[in-house]
Number of protein chains: 2
Amino acid sequence: MNIYDIAKEAGVSISTVSRVMNHKGNVNPETRKKVEEILEKNNYTPSAIARGMVSKSMKTVSVLTVDIRVPHYARTAYTIEREFSRRGYEVSLCNTGGELEETIKYLRTAREKKTDGIVLVGSVFNTLCKNAEISGLLQNIPVVLANGKLELPNSYSVLVDDRYGVSLAVEHLIQKGHREIYYLRDMDTVSAQLKCEGFIAEMEKCGLKNARQQVLETASSIEGGIKAVEQLIRRKQKFTGIVCGEDITAAGVVKALLHYGIKVPEEVAVTGYNNSEYAKICEPQLTTIDNKPELVAMMSVQLLTSLIEKTEVYSSCTIQPELVEGQTT
Amino acid sequence: MNIYDIAKEAGVSISTVSRVMNHKGNVNPETRKKVEEILEKNNYTPSAIARGMVSKSMKTVSVLTVDIRVPHYARTAYTIEREFSRRGYEVSLCNTGGELEETIKYLRTAREKKTDGIVLVGSVFNTLCKNAEISGLLQNIPVVLANGKLELPNSYSVLVDDRYGVSLAVEHLIQKGHREIYYLRDMDTVSAQLKCEGFIAEMEKCGLKNARQQVLETASSIEGGIKAVEQLIRRKQKFTGIVCGEDITAAGVVKALLHYGIKVPEEVAVTGYNNSEYAKICEPQLTTIDNKPELVAMMSVQLLTSLIEKTEVYSSCTIQPELVEGQTT
DNA sequence: CTGAAAGCGCTTACAG
DNA sequence: CTGAAAGCGCTTACAG
């Protein structure tokens, strides 16, 4: 059943049916009523594909993320989806795993389907977008990078000042009298790099010169946190504070410390990052950094919407994280 | 740039260009090569919308879930997305919040866009699909319900035996010598109902007749778990075991018990449900039930794919959860 | 206020 | 092996 069938049944032209469906003016009220009845009676659903054919848009936005199972990405993607849904766009979900080939694959279909816009969630995309093929695929499509900066003509970004975020944690520990502070760094993204720099800068600012040697690389997982603590203990390092780049790692750290009979926060203070549910479940509850994924998502959607609809003026922006005090400091 | 431009540039007809792009036979190798060069040179991307117009499919599947931020749904959606991506389908994400109006809205656009299939993730959809408008919208579209049963002609389901899941937890506690066992029930979905029945049935099977009075309703959150424990203590109930319908609730229970100086598992044993990251972070680590979201997702994708492509034979199936012993029992 | 016609960019028989 | 033509289901000027 298509617009021709409806037109025939109503005894009008397809132009008129189209006008009625799209609530355009210039239709005789009686004609409108008759057409509406027939539409209703047949429970008619117009084809969005045919519409897309002429408008060159399917009202769809692609969200590329590393892995939706990571709570931080889930929170970001959730808000992005809800907001775009409200605005009449469908959201297609892409779990790239941070891999080049997968990202290319997703972007290719996005292009073929004429996506209205793309949100890249995660600072991995900073690195990925340096690839020529990827930046080629991104051409002429509105792109917003949630937490990162792109050097592309039609791309904008919503940055989170992760450097500042970690510096807040360090400052907090130093205020509490800690001096022997270690940083657990995970992964190799731009964001991880910035966090680490935030640690070193803040430590040095406070006259703690050895900061660079107090960075440990570890997997961002409970096990990663546990292993880091074991390493510190094995090496007989002195430490009273551990700043982590992720809540999940911090949860592992707390677990390990308690298992070794080290009191948290009395003997060692710990901070996480993300203000996630993990931080709340952790016992004692983690002091953590709120990097505001919902706000990042909101700003990204606003930016992308204005790029797509070319309405308002737009510009990139930066979000400042905040410290959320728990019981581990 | 469209197929006509390519055809003109290559000096052939659009039919030939189409044949080359779709790797169909019957093209002179030389002609093929020339067309491919021009395709390559222009970095040509065929329009999936125009293709969809004739095939009546955009190779897209809609995944409706309650809230992607719930880890269990995130895990399910992740696997669904990855599997469909592998099979050449795009996945559109819909956070319905379990609400009727939102669900209708998503299904309506899914129909307009001629989605190839729909996966409903979560047992809320059992209830929602009883609504006439919803079942109407689901007509003539392949549908798979991940954890639920639908009475629709073209719908199939992948069930998780949640009744059995909770009975495993109860059986485990009883084996460990517990008799005063409470169940924390959350929400009002079919799945929550089944879990609760599993508790009562298993308790009664073991001769514990008061089971029905040992069910507490509480929010599925850390606070929900804490409140339930406070309630039990306030009412001076005797209890040595608490079975929870969700890991997150169990995490709250453990927190509360420890705060009251009650040892876990020595004085009170606790079990969760979902085998989530929450269970692992909880200290002591939760004994929980693995309800296998990845397997549910895999089966759902297989089912839906065969429904869409009408290839293999297909049928609904049921998955049996397993107990994962942690340190809280 | 209404309709005929062109066009969106492909695929797919069909004829040659 | 190749091309002309119809068709997918709409929207959008344009003419009346």
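Since we're looking at a predicted model, the values are computed, not measured. (Residues numbered from 1 in each chain as written. Chains lettered and ligands numbered in written order. Predicted model: local features only at pLDDT ≥ 70, side-chain atom pairs only at ≥ 80, totals over all residues. Heavy atoms only, no water.)

Right, let's get into the protein's contact with DNA strand D. Neighbouring residues of DNA strand D: 27 residues in total, closest S18 and Y44 of chain A together with R19, T31 and K56 of chain B. The sugar and phosphate moieties of DNA strand D supply 61% of its atoms located within 4 Å of the protein. In the environment of DNA strand D, a phosphate oxygen lies 3.3 Å from a nitrogen or oxygen atom belonging to the side chain of N2 of chain A. T16 of chain B is positioned such that a nitrogen or oxygen atom in its side chain is 2.9 Å from a phosphate oxygen of DNA strand D. (Near = heavy atom within 4 Å. Polar contact = N/O pair within 3.5 Å; in protein donor to acceptor, adjacent residues only side chain to side chain.)

This paragraph deals with the sheet that holds strand β9 (residues 269–271) of chain B. Residue and element names in this part refer to chain B. Read across the open sheet, the four strands follow the order β7-β6-β8-β9; overall the sheet is parallel. On the outer flanks of this sheet lie β7 (215–217) and β9, each paired with one strand and no other. Direction aside, the axes of adjacent strands within the sheet are offset by 20° on average. With three bridges joining them, strand β8 (residues 241–244) and β9 adopt parallel strand pairing. Looking at β9, one finds that V243 is bridged to T271. Most of the contacts of helix α9 (residues 162–175) go to β8, to which it runs at about 170°, and overall it touches β6 (181–185), β8 and β9. (Pairing = 2+ DSSP bridges. Helix = DSSP H or I, 4+ residues; strand = E, 2+ residues; numbered from the N terminus. Axes fitted to C-alpha atoms, helices over the stretch in contact; angles between N-to-C directions. Contact = heavy atoms within 4.5 Å.)

With numbering matched to this structure, UniProt assigns "domain: HTH lacI-type" (unreviewed entry) to residues 1–55 of chain A. Helix makes up 67% of residues 1–55 of chain A and strand makes up 0%, while its end C-alpha atoms are separated by 21 Å. (UniProt positions renumbered as here; feature names shortened; annotations may be inferred.)

Attention shifts here to the protein's contact with DNA strand C. Neighbouring DNA strand C are 27 residues; R19, T31 and K56 of chain A together with S18 and Y44 of chain B lie closest to it. By atom count, sugar and phosphate contribute 61% of the portion of DNA strand C lying within 4 Å of the protein. N28 of chain A is positioned such that a nitrogen or oxygen atom in its backbone is 2.9 Å from a phosphate oxygen of DNA strand C. With respect to DNA strand C, the side chain of N22 of chain B contributes an N or O atom lying 3.0 Å from a phosphate oxygen.

Bringing unusual backbone geometry into the picture now. For the peptide bond that leads from E283 of chain A to P284 of chain A, omega is 0°, which places it in the cis range. You can see P284 of chain A is positioned in the loop between α13 (277–281) and β10 (288–290). Unlike most non-glycine residues, K56 of chain A shows phi in positive territory, near 55°. You can see K56 of chain A is positioned in the loop between α4 (48–55) and β1 (60–65). Here K56 of chain A falls in the exposed class, since its relative accessible area comes to 58%. Although it is not a glycine, N275 of chain B adopts a positive phi angle of roughly 50°. Mapped onto the elements, N275 of chain B comes out in the loop between β9 and α13 (277–281). (Buried < 20%, exposed > 50% of the residue type's maximum accessible area, 1.4 Å probe, protein only.)

I242, L257 and V270 of chain A together with I242, L257 and V270 of chain B are the most contacted members of the largest nonpolar core, which has 52 residues in total. Discounting chain neighbours no more than four positions away, the residues touching I242 of chain B are L173, Y182, L184, V229, L232, V253, V268, A269, V270 and T271 of chain B. (Core = buried A, V, L, I, M, F, W, Y, C linked by side-chain atoms within 4.5 Å.)

Before going further, it helps to spend a moment on the interface of chain A and chain B. In this assembly, 49 residues from chain A lie in contact with 49 residues from chain B. Buried area between chain A and chain B, both sides added, is near 4,600 Å², and the carbon and sulfur share of it is 60%. Taken as a group, I49, K113 and I281 of chain A account for 15% of the area that chain A buries against chain B, more than any other trio of residues on that side. Viewed at the interface, chain B and chain A are joined by six salt bridges. Among the salt bridges present, the one from R82 of chain B reaches E102 of chain A, with a minimum N-O distance of 2.7 Å. One can count 37 residue pairs in polar contact (both at pLDDT 80 or more) joining chain A with chain B. Mapped by element, the contributors of at least two residues to the side of chain A that touches chain B are α4, β1, α5 (71–86), β2 (90–95), α6 (100–112), α12 (247–259) and α13 of chain A. The element best represented in the side of chain A that touches chain B is α5 of chain A, accounting for seven residues. Taken together, the residues of the side of chain A that touches chain B break down into 19 nonpolar, eleven polar and 19 charged. (Buried area = accessible area lost by both parts, 1.4 Å probe. Salt bridge = Lys/Arg side-chain N within 4 Å of Asp/Glu carboxyl O. Nonpolar A, V, L, I, M, F, W, Y, C, P; charged D, E, K, R; others polar.)

You can read the domains of chain A as domain 1 (1–45), domain 2 (58–159 + 291–320) and domain 3 (161–288). Each of domain 1 of chain A and domain 3 of chain A has a C-alpha centre, and these two points are 65 Å apart. (Domains from an automatic or database assignment.)

Within the structure shown, the criterion is met by 33 salt bridges over all chains. Across the pair E37 of chain B and K33 of chain B runs a salt bridge whose closest N-O atoms are separated by 4.0 Å. Of this pair, E37 of chain B and K33 of chain B are both found in helix α3 (residues 29–41), four residues apart, which corresponds to roughly one turn of the helix. Several salt bridges converge on common partners, so that one network encompasses E81 and R82 of chain A together with E102 of chain B.

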